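This is what each chain is made of:
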Amino acid sequence: MDTVPTLDLTPWFHGDPDDRKEVAARVDAALTEIGFLVVTGHGVPSDLRERIREAAKRFFAQPEEVKRAYAATVGERGWLPPGVEANAYAEGTETPPDLKETFAAGADRPIGHELYDAEWFLPNVWPSEVPELEGLLTEYMTRMRSLSDELLALCATALGLDAGYFAPYTEHPSYTLNINRYPPLSQLGTPEPGQFRIGPHTDFGTVTVLDRQPGVGGLQVYSEEAGWVDAPYTEDSFTINTGDLLAVWSGNRWKSNRHRVLPPDPSAPDEELVSLIFFYECNPDAWVEPLRPPIGRTALDPVRAHDFLMERLDAITVG
């Protein structure tokens, strides 16, 4: 498998046990071989995503001095200006900053632990200039958490475990929703050598749920057989991938694969894209015991989710 497969989740949600088993087997194959898949039949309404894009564009169109009042850095809530993030740093590659700006929201219900609350459950910041963002993103994050929990149940089944295997680890999980705006070439000018909309990297958590738009400067996934390949786009789908934490949890059975978003292309100088990316993790205090052979491929030491994730988040922050 050198490309990203597309999978309809309808049989998982509405089929019989054999249907669910077949879907799980296909998930296992995809995550083992390339770490990505595109899913349809997920049940999240497309009009919600479009309303979020419309509201987000109104925020991103605000003058910089307005957005600056909501400025944040990687891992915080609010506006991440251009220049604060370079994802390729996480794999040890120094690149110019990623060509994007981001609005970030996430889990905000404290658990009463000073360290975890300060890192993972910060209050969300809602711009008064676009008041509808709060309701739209709150609804979307609720739907994304529910879908992610279902994806983890599917992952557990794919590993031959009880469907509820991961549930105790996600009773009070951390998660982040990033709305990424990739400005057009006509606004940015020529990118620097080695500069991407998002540089090559892996994700850090359990599963990532990406709602993206098709584009010339779009998502690519690394294939050991073919090099960088364009991820397929299907209308009303999500692109799902394994994060580093879930790959470790699987005993390196599954890949947390490198991916990147290409810089804007001269053939489409006015192409502006907006992606909605939901990064799901687990309880910050969870001790993750990697699955051992024969399910896992290698014997790995346990890791605490908080420590594992913070090390990676710190690596991608510029400055």
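Treat the numbers as computed from the prediction; the structure is a model and nothing was measured. (Residues numbered from 1 in each chain as written. Predicted model: local features only at pLDDT ≥ 70, side-chain atom pairs only at ≥ 80, totals over all residues. Heavy atoms only, no water.)

**Some thoughts on the sheet that holds strand E12 (residues 273–280)**
Line of reasoning, step 1. Strand order across the open sheet formed by eight strands is E1-E2-E10-E7-E12-E5-E4-E3, with mixed pairing between neighbours. Every interior strand has two partners, whereas the edge strands, strand E1 (6–8) and strand E3 (78–80), have only one. Here the strands of the sheet are splayed against their neighbours by 25° on average, with no regard to which way each runs.
Line of reasoning, step 2. Across three bridges, the pairing between E3 and strand E4 (residues 101–106) is antiparallel. Residue Trp79 lies in a different strand from E4, and its bridge partner there is Phe103.
Line of reasoning, step 3. Across the sheet, helix H3 (residues 46–60) touches E3, E4, strand E5 (175–182), strand E7 (207–211), strand E10 (238–242) and E12, and the angle it forms with E12 is around 110°. (Pairing = 2+ DSSP bridges. Helix = DSSP H or I, 4+ residues; strand = E, 2+ residues; numbered from the N terminus. Axes fitted to C-alpha atoms, helices over the stretch in contact; angles between N-to-C directions. Contact = heavy atoms within 4.5 Å.)

**Some details on the sheet that holds strand E8 (residues 219–223)**
Line of reasoning, step 1. Strands sit in the order E6-E11-E8-E9 across an open sheet of four strands; the sheet is antiparallel. What marks the edges here is a single partner per strand, and that holds for strand E6 (198–201) and strand E9 (227–230). With strand direction ignored, the average angle separating the axes of adjacent strands in the sheet is 25°.

**Quick notes on the nonpolar core**
Line of reasoning, step 1. Tyr140 and Phe238 are the most contacted members of the largest nonpolar core, which totals 73 residues.
Line of reasoning, step 2. Ranked by residue count, the leading element in this core is helix H6 (residues 132–158), at 14 residues.
Line of reasoning, step 3. Sequence-distant contacts of Tyr140, defined by excluding residues within four places in its chain, comprise Val44, Leu48, Arg49, Ile52, Leu177, Asp211, Phe238 and Leu276.
Line of reasoning, step 4. The next biggest cluster of nonpolar side chains, apart from the first, holds 13 residues, and it includes Val38, Tyr182, Val261 and Ile277. (Core = buried A, V, L, I, M, F, W, Y, C linked by side-chain atoms within 4.5 Å. Buried < 20%, exposed > 50% of the residue type's maximum accessible area, 1.4 Å probe, protein only.)

**What about unusual backbone geometry?**
Line of reasoning, step 1. Residue Pro294 follows Pro293 across a cis peptide bond; omega there is 15°.
Line of reasoning, step 2. Residue placement: Pro294 occurs in the loop between strand E13 (287–288) and strand E14 (303–304).
Line of reasoning, step 3. The backbone of Asp236 sits at a positive phi, close to 55°, despite the residue not being glycine.
Line of reasoning, step 4. Within the secondary structure layout, Asp236 lies in the loop between E9 and E10.

**Considerations on the pairing of E9**
Line of reasoning, step 1. Sheet topology places E8 next to E9; four bridges connect them, and they run antiparallel. Residue Ser223 lies in a different strand from E9, and its bridge partner there is Gly227.
Line of reasoning, step 2. Where E8 hands over to E9, the hairpin turn is made up of three residues, counted between the paired strands.

**What to know about the side chain of Asp211**
Line of reasoning, step 1. Turning to its location among the elements, Asp211 is positioned in strand E7.
Line of reasoning, step 2. Since its relative accessible area comes to 4%, Asp211 is described here as buried.
Line of reasoning, step 3. Only 3.2 Å separates the side chain of Asp211 from the side chain of Arg49, close enough to count as a polar contact.
Line of reasoning, step 4. Reaching out from Asp211, the side chain makes a polar contact with the side chain of Arg53 at a distance of 2.7 Å.
Line of reasoning, step 5. Residue contacts for Asp211: discarding those within four places in its chain leaves Arg49, Arg53, Tyr140, Ser237, Phe238, Val274, Ser275 and Leu276. (Polar contact = N/O pair within 3.5 Å; in protein donor to acceptor, adjacent residues only side chain to side chain.)

**Quick notes on the packing of H3 against H6**
Line of reasoning, step 1. Running from amino to carboxyl end, H3 crosses H6 at an angle of 140°, the nearest separation of the two axes being 10 Å. Here H3 lies oblique to H6, going by the angle between them. Crossing of H3 against H6: the hand is left-handed. Within the contact between the two elements, H3 uses Leu48, Arg49, Arg51, Ile52, Ala55, Ala56, Arg58 and Phe59 and H6 uses Glu132, Leu133, Leu136, Leu137, Glu139, Tyr140 and Arg143.
Line of reasoning, step 2. Partitioning the contact of H3 with H6 into residue classes produces nine nonpolar, no polar and six charged. (Parallel < 35°, antiparallel > 145°, perpendicular 65-115°, else oblique. Left-handed = near helix turned anticlockwise from the far one by under 90°. Nonpolar A, V, L, I, M, F, W, Y, C, P; charged D, E, K, R; others polar.)

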